[in-house]
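What follows is each chain in one-letter form.
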Amino acid sequence: MASLLNSVPSIKLSNFSNKIPLRSSQISSPFYLSFSRRRLVVRATETDKESEVLKIKAQAPDKAPAAGGSSINQILGIKGAKQETDKWKIRVQLTKPVTWPPLVWGVVCGAAASGNFHWTPEDVAKSIVCMLMSGPFLTGYTQTINDWYDREIDAINEPYRPIPSGAISEQEVINQIWVLLLGGLGLAGILDVWAGHDFPTIFYLALGGSLLSYIYSAPPLKLKQNGWIGNFALGASYISLPWWAGQALFGTLTPDIIVLTLLYSVAGLGIAIVNDFKSIEGDRAMGLQSLPVAFGSEAAKWICVGAIDITQISVAGYLLGAGKPYYALALLGLIAPQVFFQFKYFLKDPVKYDVKYQASAQPFLILGLLVTALATSH
């Protein structure tokens, strides 16, 4: 889910420029005249940094690496995409539909955990609207605003992406951000009215998630600059928030569910680390402390799989302690194939096999989420 209140001034005032804004480190020192020797040192350091950026950028391809590219990859918003000129296809690409399913699944888990979902036309319609809010609208908003604030890094790592390549104008990107954000918040308000809430729980969840997505991507906080905080925020957005929305729609959020889903978000942290390996050079050049940059690729690989596996084992222990041994065993059974694919793909080469690993292992993780949701509903 995604971000609002503080986004209004930042998007409107700082992002209409057609030029990429300078980083604060590029602004001349106020002591320029008085401390000329310091000035020279700073300028030399900046030159070294710029040289590093230019060196990395020179190694980056000017167009999509896959010859011709894939139309399916383009629509899904993943690498190997076809270079597209159709603006609507580019707009969809920016929302990265490949990232919607975890949010949609989170709504399913929340509805299941509520114990009050019934296969009636009304409940099915409510859940579909909640999925549209969580996936295409607010996840689409999150991905678009992330690409907007990542345009400098993408100009280094993936200059053929829609924004740095100029395939879509900056004004069009900003318009899309607002449409998706306001559309998602509007759907949240409708769901609160539909559910008969006295307090607009779903609206405030959507608003809080939107704010979280904004401060994840945008300065000055830009949570993604810190590997631990940023990846946990991302994990919570993908696991906890849609679960809470689905459960609030059909039932009541309880403290134990909030704690359990936040614990599961540590596994989401591990999943988020998987995507950091492909951007190591750009992150290092831009000063972003992703975990692969901070700890090195080898250590970050084990932090990643440890966060995913230990979290799920802990949840299985919780279920066992709660007197639900069959659900605990089912969850452990779903962890085993994830470990197998970690050794087969991810730990061998996290860059080369990132997509193959996620396609192989993540279905078992999301099934584990449903097992946990069903366990808490009984």
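Residues numbered from 1 in each chain as written. Predicted model: local features only at pLDDT ≥ 70, side-chain atom pairs only at ≥ 80, totals over all residues. Heavy atoms only, no water.

In the nomenclature of an unreviewed UniProt entry, the protein is known as Chlorophyll synthase, chloroplastic of Nicotiana attenuata. According to its UniProt record, the protein has this under Catalytic activity (unreviewed entry): "phytyl diphosphate + chlorophyllide a + H(+) = chlorophyll a + diphosphate". Note on the protein: under the UniProt heading Subcellular location (unreviewed entry), the record states "Plastid, Chloroplast membrane". (UniProt positions renumbered as here; feature names shortened; annotations may be inferred.)

### Topic: the overall build of the protein
Helix and strand counts for the protein stand at 18 helices and zero strands. Counting over 378 residues, the protein shows a buried share of 48%. Residue pairs in contact within the protein that sit at least 24 positions apart in sequence constitute 73% of those at least 6 positions apart. Per element, the accessible surface of the protein, about 18000 Å² overall, is 66% carbon and sulfur. (Helix = DSSP H or I, 4+ residues; strand = E, 2+ residues; numbered from the N terminus. Buried < 20%, exposed > 50% of the residue type's maximum accessible area, 1.4 Å probe, protein only. Contact = heavy atoms within 4.5 Å. Areas by Shrake-Rupley, 256 points an atom, 1.4 Å probe, with all protein chains shown as cover.)

### A look at the pattern of salt bridges
Applying the stated rule across the entire model yields eight salt bridges. Measuring nitrogen to oxygen at the nearest pair gives 2.8 Å for the salt bridge that ties lysine 96 to aspartate 147. Of this pair, lysine 96 sits in the loop between α4 (87–95) and α5 (100–114) while aspartate 147 sits in helix α6 (residues 121–149), and the two are 51 residues apart along the sequence. Both residues of the pair, lysine 96 and aspartate 147, belong to the buried class. One salt-bridge network, in which partners are shared between bridges, spans Lys96, Asp147, Asp154 and Arg161. (Salt bridge = Lys/Arg side-chain N within 4 Å of Asp/Glu carboxyl O.)

### What to know about a nonpolar patch on the surface
Taken together, Ile313, Tyr326, Leu329 and Leu332 make up a surface patch of nonpolar side chains, about 470 Å² in accessible area. In terms of residue count, helix α17 (residues 325–346) provides more of the nonpolar patch than any other element does, three residues in total. Structurally, isoleucine 313 is set in helix α16 (residues 297–321). (Patch = residues over 30% accessible without salt bridge, like charges linked within 9 Å, V, L, I, M, F, W, Y side chains within 5 Å.)

### A look at the packing of aromatic side chains
Counted according to the given criterion, the structure contains 13 aromatic pairs. Between the aromatic rings of phenylalanine 203 and tyrosine 204, the centroid separation amounts to 5.6 Å while the plane-to-plane angle is 85 degrees, which identifies the pairing as edge-to-face. Here phenylalanine 203 falls in the partly exposed class, since its relative accessible area comes to 26%. Owing to a relative accessible area of 45%, tyrosine 204 belongs among the partly exposed residues under this scheme. Linked through ring pairs, Phe340, Phe341, Tyr345, Tyr353 and Phe364 together constitute an aromatic cluster. The positively charged end of arginine 91 is found above the aromatic ring belonging to tryptophan 88, 5.5 Å away from the centroid. (Phe/Tyr/Trp six-rings, centres within 6.5 Å; stacked < 30°, edge-to-face > 60°. Lys NZ or Arg CZ within 6 Å of the ring centre and 35° of its normal.)

### Let's talk about the environment of alanine 307
By the secondary structure assignment, alanine 307 is in helix α16. Spatially, the C-alpha atom of alanine 307 lies 9.5 Å from that of serine 265, the residues being 42 residues apart in sequence. In this structure alanine 307 touches Val266, Ala267, Leu269 and Gly270, once residues within four positions along its chain are discounted.

### Things to note about a positive patch on the surface
Positive charge collects at one region of the surface, where Lys344, Lys348, Lys352 and Lys356 lie side by side. Within the fold, lysine 344 resides in helix α17. (Lys, Arg positive; Asp, Glu negative; His and termini not counted. Charge placed at Lys NZ, Arg CZ, Asp CG, Glu CD.)

### Overview of the layout of surface pockets
In this structure, the largest pocket encloses a volume near 1400 Å³. Around the largest pocket, the lining comprises 49 residues; the ones closest to its centre are Thr99, Gln143, Asn275, Lys278 and Gln358. Within the residue set of the lining of the largest pocket, elements represented by two or more residues are α5, α6, α7 (151–157), α11 (227–238), α13 (255–274) and α18 (354–377). Of all the elements, α18 adds the most residues to the lining of the largest pocket, at nine residues. (1 Å grid on protein atoms, 1.4 Å probe; cavity = no way out; pocket = protein on both sides within 12 Å on 5 of 7 lines; lining within 4 Å. Points joined across faces, edges and corners; volume = space filled by probe spheres on them.)

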